[in-house]
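Structure assessment
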Amino acid sequence: MPKRPQAHTTGPGLSQISVPPQPPAPDIPTALLGNLTPAQFMRQYWQKKPLLVRQAIPGVTPPVSRDALFEMAGEDAEARLVTHFRHKWQMQQGPFAAGDLPSVRQRAWTLLVQGVDLHNDCARALLERFRFVPDVRLDDLMMSYATDGGGVGAHFDSYDVFLLQVHGKRRWRIGAQRDLSLRADLPLKVLQHFEPDEEWLLEPGDMLYLPPHIAHDGVAEGECMTCSIGFRAPSADELTTQFLYYLAERGELSARSSAARYRDPQQTAVQHPAQLPDALVERVEAILAKATWNSRHVASFLGTHFSEPKPHVVFEPPQRPLDEMRFIRRALISGLRLDRKTLLLYDNRSYFLNGEENRVSGLKKWLPELADKRYLTAARFLTLSSDSSVTALLHEWYCAGWIQIGAHA
Ligand code: SIN
Ligand code: CO
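Residues numbered from 1 in each chain as written. Chains lettered and ligands numbered in written order. Predicted model: local features only at pLDDT ≥ 70, side-chain atom pairs only at ≥ 80, totals over all residues. Heavy atoms only, no water.

1. Digging into the confidence of the model for the chain
- Counting all residues, the mean pLDDT for the chain is 92, and 93% of those residues have values of 70 or more.
- Throughout residues 1-18 the model reports pLDDT below 50, and contacts reaching past four residues in sequence, or to other chains, amount to 45 contacts. (pLDDT = per-residue confidence, 0-100. Contact = heavy atoms within 4.5 Å.)

Here is the structure:
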């Protein structure tokens with residue numbers, strides 16, 4: 001996979017952040033949430049009801065320019081093009097080469113690019129503001145570009161979303177309807193009937209929070225860019241499948257079963273070889289009934305599963321890595337930060353780094369600190385630098401491309 005150049009243009013507003021971005025503290029009112037505290041927002045709105053916030057981020061500019069977004073859609077970012085030409089919905093999957101996209105002068109089309117935070121530090125910085133919700137729930141930052149009249153049709157999502165207007169205007173209509181049946185004749189999810197009960201025109205800096213299953217339709221008024229901060233809400237089926245797979249892969253299921261493999265010493269000769277024997281069903285049922293687990297297995301699974309980088313994520317180790325001494329000297333001047341693609345979670349027994357669990361006897365304070373803040377200042381690194389096991393570990397992460405020198409990008 002070709003390496004992504006770091007040349008994507010960034011909007012001036014977010015690129016000028018001079019301190020590492022921080023999520024708002026739970027009990028401090030924030031403009032981002034209409035002067036509610038994150039704690040109040042979570043209690044009153046999260047997963048419950050929509051919230052419109054005027055000027056959530058005043059003066060916001062797109063974290064990625066239009067041209068840079070088009071460039072991303074031609075590379076390894078997941079991209080979709082939705083057109084609504086002559087009242088006909090169509091959808092195409094990327095990548096899109098320069099000539100594949102319609103002209104920006106043509107009405108009614110939208111380009112959606114998923115996981116922009118994985119490719120751009122300003123987009124990652126924007127996502128940081130939403131870390132009053134646990135990282136395991138945070139999915140990605142999707143960006144859309146639309147020409148006048150563009151949108152993706154009236155639909156609902158199964159997850160929570162913050163829709164932040166970053167350029168131009170978009171008219172949103174929403175409805176809490178029960179009938180969520182979809183049109184079967186289309187290549188994208190469009191509701192059969194849409195009964196909006198509220199409508200707003202969002203301008204740059206305005207934001208709309210929607211809990212799952214609220215019907216919505218956003219139509220661009222002129223050229224428009226929207227950032228969707230999306231959360232993940234795996235289904236019970238998905239979690240169960242992944243969890244059982246996790247246990248089986250580690251031999252945890254057979255370890256608890258009396259027979260590690262199916263056996264049938266009592267099997268008699270049969271006249272109907274194609275028939276599934278009742279006894280076999282009973283024996284397998286008994287094996288399955290012995291599958292047990294505890295909360296430690298569940299925590300290990302969740303930490304591993306939710307810190308697993310998405311498919312296609314490729315870390316970029318430094319081309320000429322500094323040796324450990326030079327690395328320490330540089331970190332003592334500039335500090336360190338997690339790479340924007342790194343996922344680092346922890347609980348009281350383990351830390352989970354990019355899909356791997358590492359059990360530790362008593363987590364040292366710096367690890368949860370780095371995981372929560374995603375950076376270590378030079379001053380904080382100085383306090384750790386006398387412990388050679390810590391500097392060796394951080395150097396290893398640096399060589400793998402999991403952390404970067406510099407407390408902020
Ligand atoms: C968009 O940004 O165009 C669509 C976002 C959504 O409706 O979920
Ligand atoms: Co939606």
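After that view, the rundown keeps rolling.
2. As for the packing of helix α10 (residues 366-373) against helix α12 (residues 388-400)
- At a closest axis distance of 13 Å, the pairing of α10 and α12 adopts a crossing angle of 30°. Relative to α12, the element α10 is oriented roughly parallel. In contact with W366, L367 and L370 of α10, α12 contributes V390, L393, L394 and W397. (Axes fitted to C-alpha atoms, helices over the stretch in contact; angles between N-to-C directions. Helix = DSSP H or I, 4+ residues; strand = E, 2+ residues; numbered from the N terminus. Parallel < 35°, antiparallel > 145°, perpendicular 65-115°, else oblique.)

3. What about the domain arrangement of the chain?
- Along its sequence, the chain is organised into domain 1 (6-231) and domain 2 (324-405).
- The centre of domain 1, based on its C-alpha atoms, is set 32 Å off from the matching centre of domain 2.
- Listed per partner, the contact involves 13 residues of domain 1 and 9 residues of domain 2.
- Between domain 1 and domain 2, the buried area comes to about 940 Å², and carbon and sulfur atoms account for 45% of it.
- It is L118, R124 and R131 in domain 1 that bury the most area against domain 2; as a group they hold 39% of the surface buried on that side.
- Here domain 1 and domain 2 share 5 residue pairs in polar contact (both at pLDDT 80 or more) between them. (Domains from an automatic or database assignment. Buried area = accessible area lost by both parts, 1.4 Å probe. Polar contact = N/O pair within 3.5 Å; in protein donor to acceptor, adjacent residues only side chain to side chain.)

4. Remarks on the sheet that holds strand β11 (residues 344-346)
- Read across the open sheet, the 3 strands follow the order β11-β12-β13; overall the sheet is antiparallel. Because the sheet does not close on itself, it has two edges, and the strands there are β11 and β13 (356-359). Between one strand axis and the next, the sheet turns by 20° as a mean value, whatever way the strands run.
- By the bridge criterion, 4 bridges tie strand β12 (residues 350-353) to β13 in an arrangement that is antiparallel. (Pairing = 2+ DSSP bridges.)

5. Describing the site of ligand 1
- Neighbouring ligand 1 are L112, M142, S144, H155, D157, L163, R170, W172, H216, T226 and S228.
- At 3.2 Å, a side-chain N or O of H155 approaches an oxygen atom of ligand 1.
- Here an oxygen atom of ligand 1 sits 3.3 Å away from a polar atom, N or O, in the side chain of D157.
- Contact with the protein chains covers 94% of the free accessible surface of ligand 1, which is 260 Å².
- Looking at the shell around ligand 1, the elements that each hand over two or more residues are β5 (138-146), β6 (161-175) and β9 (215-231).
- The residue inventory of the shell around ligand 1, partitioned by class, reads 4 nonpolar, 5 polar and 2 charged. (Near = heavy atom within 4 Å. Areas by Shrake-Rupley, 256 points an atom, 1.4 Å probe, with all protein chains shown as cover. Nonpolar A, V, L, I, M, F, W, Y, C, P; charged D, E, K, R; others polar.)

6. Digging into helix α4 (residues 121-128)
- Counting buried positions along α4 yields 7 of 8 residues, so the element is predominantly enclosed.
- What α4 keeps buried is the set C122, A123, R124, A125, L126, L127 and E128.
- With a side-chain oxygen lying 2.9 Å from the backbone nitrogen of C122, the N-terminal cap of α4 falls on N120. (Buried < 20%, exposed > 50% of the residue type's maximum accessible area, 1.4 Å probe, protein only.)

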